[in-house]
Amino acid sequence: MSLTVSDCLKLPSLRSAKVIAGHKGLSNIVNNVSVLEIYDAELFSLEAPVNDSDMTLTSFRAIADNYELQCKHIEQMHSLGDAAVVIYYVGIYLKEIHPSLIETADRLGFPLIIMPEGRIDCFYREVLYDVYKAIFHAKNKEKDLINNVVALFSRLPEDRKNLTNLLRLISDSLKCTVLLSDTVMNNVCLSKYPASNDITASDIHQLYEKTGCSDSHGAESLWQGRVLRIFRLPFTVFEYRNFSIYAIDEFGSLTMDDMYDVVELLEIFSKLWSLDADNILENSLISSILDGDSEKMRQISTKLSIDIRTINTSVFLRPSLIGLEPQGKLRLQREMVQQIKSCSEDWGKTVIVDTYESLIVSFIMYSSTDNTDREYLQEMTERLDTLCTNYTISFFPCDNKAEETRKTYLLYSETIPLAISIFPDRKLFSYGDILFAHQCETICREKNDSFRICRNILKPLLEDADSDALLETLSVYYLDASCEVKATASQLFVHRNTIQYRLAKIHAITNFKTNDFLSNNLMYQAIACYRLHPELFEV
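All figures in this text were calculated on a predicted structure; none of them were measured in a lab.

Chemist: What should I look at first to understand the overall build of the protein in this one?
Modeler: A tally of helices and strands in the protein yields 19 helices and 15 strands. Burial statistics for the protein: of 539 residues in total, 51% are counted as buried. If you take every contact in the protein between residues at least 6 apart in sequence, the share linking residues at least 24 apart comes to 67%. Only carbon and sulfur atoms are counted for the fraction: they give 49% of the accessible area of the protein, which is about 25500 Å².

This is how it looks when you write it as structure tokens:
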């Protein structure tokens, strides 16, 4: 069981102590004991991190004559999560316990304990030894992170119940540094142990990536001459999106069961106290849209003061992650998101961008007819090319409702591999490209009249002795080279006269001419279907 204030009063060094106020808090858990003999308003600022349920020993010597500051001291210790205060040398340094101090402690339910009055032979070291020994014994007897943190967090004032303080309590309880990070390793919240630790979120990410650990178990890494054990556990919480919790253990005491307890705590408090930060909500906006949740989309956009109606374009960026280890995938996604944000800021563009599954999704106001927007897109692709050249970008007009945008996303997810098969050298895909690929797949799958016509168009070429060269030329000419002879010759590494000869032969065999609009459209569709499913065209 956890050590309480009431338990501490049974220890030898505290048996003579007396509780004079705040009896309702005797069940408070004690995780630490500390000595404080100074008063500093800045040190006790309400912005300071919470304490891990300290029993604080003091004589109030520095503020012995100021009852108002003593009361403020008690209020601030309570707001920081302290368990109780033990006052020494009453009648020596502190002449008396003022009634206002008792009233404050009773109002807060904060145990106010005094050592025997007028005694100079009561020493801090005795209580420090006894309490720490009892804490150590209690923690060894039963390790109950969830109940301890729930009890500590529940005692905090409402304005102190936030994500930062929750992680602070977890970090102090486990004696390890804890980082909550999203999919692309954006620093959501970092709580360091000890607080003076100079490790950063970036350090943690890099150390994890260097371990090459692909599962959720801890892996050892060396940092500043110290051996650290790094744990990572991905999970979904805040009812919005995916996160990972990282923990840095220097003492060899952390286990995966502790990590699961931390996730459970985050899940508990995210529901009870809506532990959301603006960066978590911003990351959640895209997932709420692509999940088709219009109500959540409105709630988040309203809280972030984002007018969804001003966004006209959704952009899906699909990097190739084949062959990359999990750490490499996360690193690439993170860096691409950062480049998109950076480029957008440089061009004065407001962009909402985040990962969603294996994609990078952004929403933006964009016009393909605006020279500035085209230049912005050009620079963005150039920056992305420095990270990875194997990716595609697809543009879609935005729907007014999240559920409609989800339909677009599902169409894209289903069709983009088909579009890449038809246009393997293309990096930018329009809505029309995606719809065309979907149409070709439907034609091939249903083998309807349109498919019969496509087969009939290409049948003469399939029966020709030079069918391979003719079909390759036709595919590149229509699908890759925008019907330009020079570009086709360049891609096939042949002379342009060769291309002209082959095109003339194709026209002669099929009776299709490139200067006829309808004929061109039919040939374009036929050769696209052939490139998508050549096995269906076998003679």
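Having put the structure on the table, let's press on.
Chemist: Can you walk me through the sheet that holds strand 2 (residues 32-35) in this structure?
Modeler: Where strands meet in a sheet, backbone hydrogen bonds hold them as pairs that are either parallel or antiparallel. The sheet built from five strands is open, its strands ordered 1-5-4-3-2 with mixed pairing. Each edge of the open sheet is held by one strand with a lone partner, namely strand 1 (18-21) and strand 2. Looking at each pair of strands side by side, their axes are set apart by 25 degrees on average, direction ignored. Note: strand 3 (residues 54-58) against strand 4 (residues 84-87), four bridges, orientation parallel. What sits directly across from Met55, in strand 4, is Ala84. Its contacts with the sheet place helix 3 (residues 99-108) against strand 1, strand 4 and strand 5 (112-114), and it is angled at close to 90 degrees to strand 1.

Chemist: Explain the sheet that holds strand 11 (residues 313-319) to me, please; I cannot follow it from the model alone.
Modeler: What the five strands build is an open sheet, ordered 12-13-11-14-15; its pairing is mixed. This sheet does not close on itself; its edge strands, each paired only once, are strand 12 (351-356) and strand 15 (428-429). Summarising the sheet, strand 14 (residues 391-397) and strand 15 pair through two bridges and their orientation is parallel. Across the sheet, residue Ile393 finds its bridge partner in strand 15, namely Leu428. Along the sheet, helix 12 (residues 371-385) contacts strand 11, strand 13 (359-364), strand 14 and strand 15; its crossing angle with strand 14, the most-contacted strand, is approximately 150 degrees. Helix-sheet contacts for helix 13 (residues 402-422) involve strand 11, strand 12, strand 13, strand 14 and strand 15, and the interaxial angle to strand 14 is about 140 degrees.

Chemist: Is there a simple way to think about the packing of aromatic side chains in this case?
Modeler: With the rule as written, the count across this model stands at 20 aromatic pairs. Where Tyr356 meets Tyr409, the ring centres are 5.2 Å apart and the plane angle is 90 degrees; that geometry is what we call edge-to-face. Within this pair, whereas Tyr356 is found in strand 12, its partner Tyr409 is found in helix 13, the two being separated by 53 residues in sequence. The two residues Tyr356 and Tyr409 agree in class, both being buried.

Chemist: So what exactly am I meant to see when it comes to unusual backbone geometry here?
Modeler: Keep in mind that most residues, glycine aside, have a negative phi and that most peptide bonds are trans. Note that the residue after Tyr193, namely Pro194, is joined by a cis bond; omega there is -10 degrees. Relative to the helices and strands, Pro194 resides in the loop between strand 7 (187-191) and helix 7 (201-211). For Tyr89, which is not a glycine, the phi torsion comes out positive at approximately 55 degrees. Structurally, Tyr89 can be placed in the loop between strand 4 and helix 3.

Chemist: Whenever I open this one, the environment of Ala419 confuses me. Can you help?
Modeler: Relative to the elements of secondary structure, Ala419 occurs in helix 13. Overall, the relative accessible area of 0% leaves Ala419 in the buried class. Each C-alpha atom of the pair Ala419 and Leu532 lies 8.7 Å from the other, and the pair is 113 residues apart in sequence. Those residues within four positions of Ala419 in sequence are excluded, and the remaining contacts are Phe429, Ile434 and Ala437.

Chemist: Where do I start with the pattern of salt bridges in this structure?
Modeler: A pair can form between side chains of opposite charge whenever their charged atoms are brought close. A complete count under the given rule lists 15 salt bridges for this structure. Between Arg426 and Asp433 there is a salt bridge, and its shortest N-O distance comes to 2.9 Å. For Arg426, a relative accessible area of 28% gives the class partly exposed. The class for Asp433 is buried, based on a relative accessible area of 13%. When salt bridges that share partners are traced, they join Glu75, Glu103 and Arg107 into one network.

Chemist: Would you mind showing me how to read helix 14 (residues 431-446) here?
Modeler: Owing to its 3.6 residues per turn, the α-helix aligns residues three or four sequence positions apart on the same side. Between its first and last C-alpha atoms helix 14 spans 22 Å; for 16 residues at 1.5 Å apiece the expected length is 22 Å, and the two agree. Three or more residues of helix 14 are buried, namely Asp433, Ile434, Phe436, Ala437, Cys440, Glu441, Thr442, Ile443 and Cys444. Of the surrounding elements, those touching the buried residues of helix 14 are strand 14, helix 13, strand 15, helix 15 (449-462) and helix 19 (517-532). In the stretch just after helix 14, Lys447 is the one whose phi turns positive, near 50 degrees.

Chemist: Mind showing me how you'd approach the nonpolar core here?
Modeler: In globular proteins that are soluble, nonpolar side chains generally tend to be buried together. With 61 residues, the main nonpolar core has Ile422 and Leu458 as its most contacted residues. Of the residues forming this core, the biggest block, eight residues, is contributed by helix 13. Here this core spans two domains, since at least three of its residues come from each of domain 3 (280-428) and domain 4 (447-536). Apart from the residues within four sequence positions on either side, Ile422 is in contact with Phe436, Ala437, Cys440, Leu479, Asp480, Ala528, Arg531 and Leu532. By size, the runner-up hydrophobic cluster in this structure holds 32 residues, among which are Ile29, Leu233, Val262 and Leu265.

Chemist: In this structure, what is going on with helix 19? I would like to understand it.
Modeler: Compared with the 22 Å implied by 1.5 Å per residue over 16 residues, the 23 Å span of helix 19 between its first and last C-alpha is a close match. Those residues of helix 19 not exposed but buried are Ser519, Asn520, Met523, Gln525, Ala526, Ile527, Ala528, Cys529, Tyr530 and Leu532. Packed against the buried residues of helix 19 are helix 13, helix 14, helix 15, helix 16 (467-480) and helix 18 (496-510).

Chemist: Hey, could you run me through the environment of Ile360 in this one?
Modeler: If you trace the backbone, Ile360 turns up in strand 13. Here Ile360 falls in the buried class, since its relative accessible area comes to 1%. For the pair Ile360 and Ile393, spaced 33 residues apart in sequence, the C-alpha to C-alpha distance is 9.4 Å. Other than its neighbours up to four places away in sequence, Ile360 contacts Val315, Phe316, Leu317, Gln333, Met336, Val337, Ile340, Val353, Asp354 and Thr355.

Chemist: Is there a simple way to explain the packing of helix 13 against helix 19 in this structure?
Modeler: It is the contact of helix 13 with helix 19, at a shortest axis distance of 8 Å, that shows an interaxial angle of 110 degrees. By the criterion of interaxial angle, the relationship of helix 13 to helix 19 is roughly perpendicular. Residue-level contacts link Leu418, Ser421 and Ile422 of helix 13 to Ala528, Arg531 and Leu532 of helix 19. By residue class, the composition of the contact of helix 13 with helix 19 is four nonpolar, one polar and one charged.

Chemist: Can you walk me through the environment of Tyr376 in this structure?
Modeler: Within the secondary structure, Tyr376 sits in helix 12. Separated by 32 residues in the primary sequence, Tyr376 and Ser344 have C-alpha atoms spaced 7.8 Å apart. Each residue touching Tyr376, except ones within four places of it in the same chain, is listed here: Cys343, Ser344, Trp347, Lys349 and Ile364.

Calculation notes
- Residues numbered from 1 in each chain as written.
- Predicted model: local features only at pLDDT ≥ 70, side-chain atom pairs only at ≥ 80, totals over all residues.
- Heavy atoms only, no water.
- Helix = DSSP H or I, 4+ residues; strand = E, 2+ residues; numbered from the N terminus.
- Buried < 20%, exposed > 50% of the residue type's maximum accessible area, 1.4 Å probe, protein only.
- Contact = heavy atoms within 4.5 Å.
- Areas by Shrake-Rupley, 256 points an atom, 1.4 Å probe, with all protein chains shown as cover.
- Pairing = 2+ DSSP bridges.
- Axes fitted to C-alpha atoms, helices over the stretch in contact; angles between N-to-C directions.
- Phe/Tyr/Trp six-rings, centres within 6.5 Å; stacked < 30°, edge-to-face > 60°.
- Salt bridge = Lys/Arg side-chain N within 4 Å of Asp/Glu carboxyl O.
- Expected span 1.5 Å × (residues − 1).
- Core = buried A, V, L, I, M, F, W, Y, C linked by side-chain atoms within 4.5 Å.
- Domains from an automatic or database assignment.
- Parallel < 35°, antiparallel > 145°, perpendicular 65-115°, else oblique.
- Nonpolar A, V, L, I, M, F, W, Y, C, P; charged D, E, K, R; others polar.

As far as function goes, none of this settles anything; it's purely spatial.
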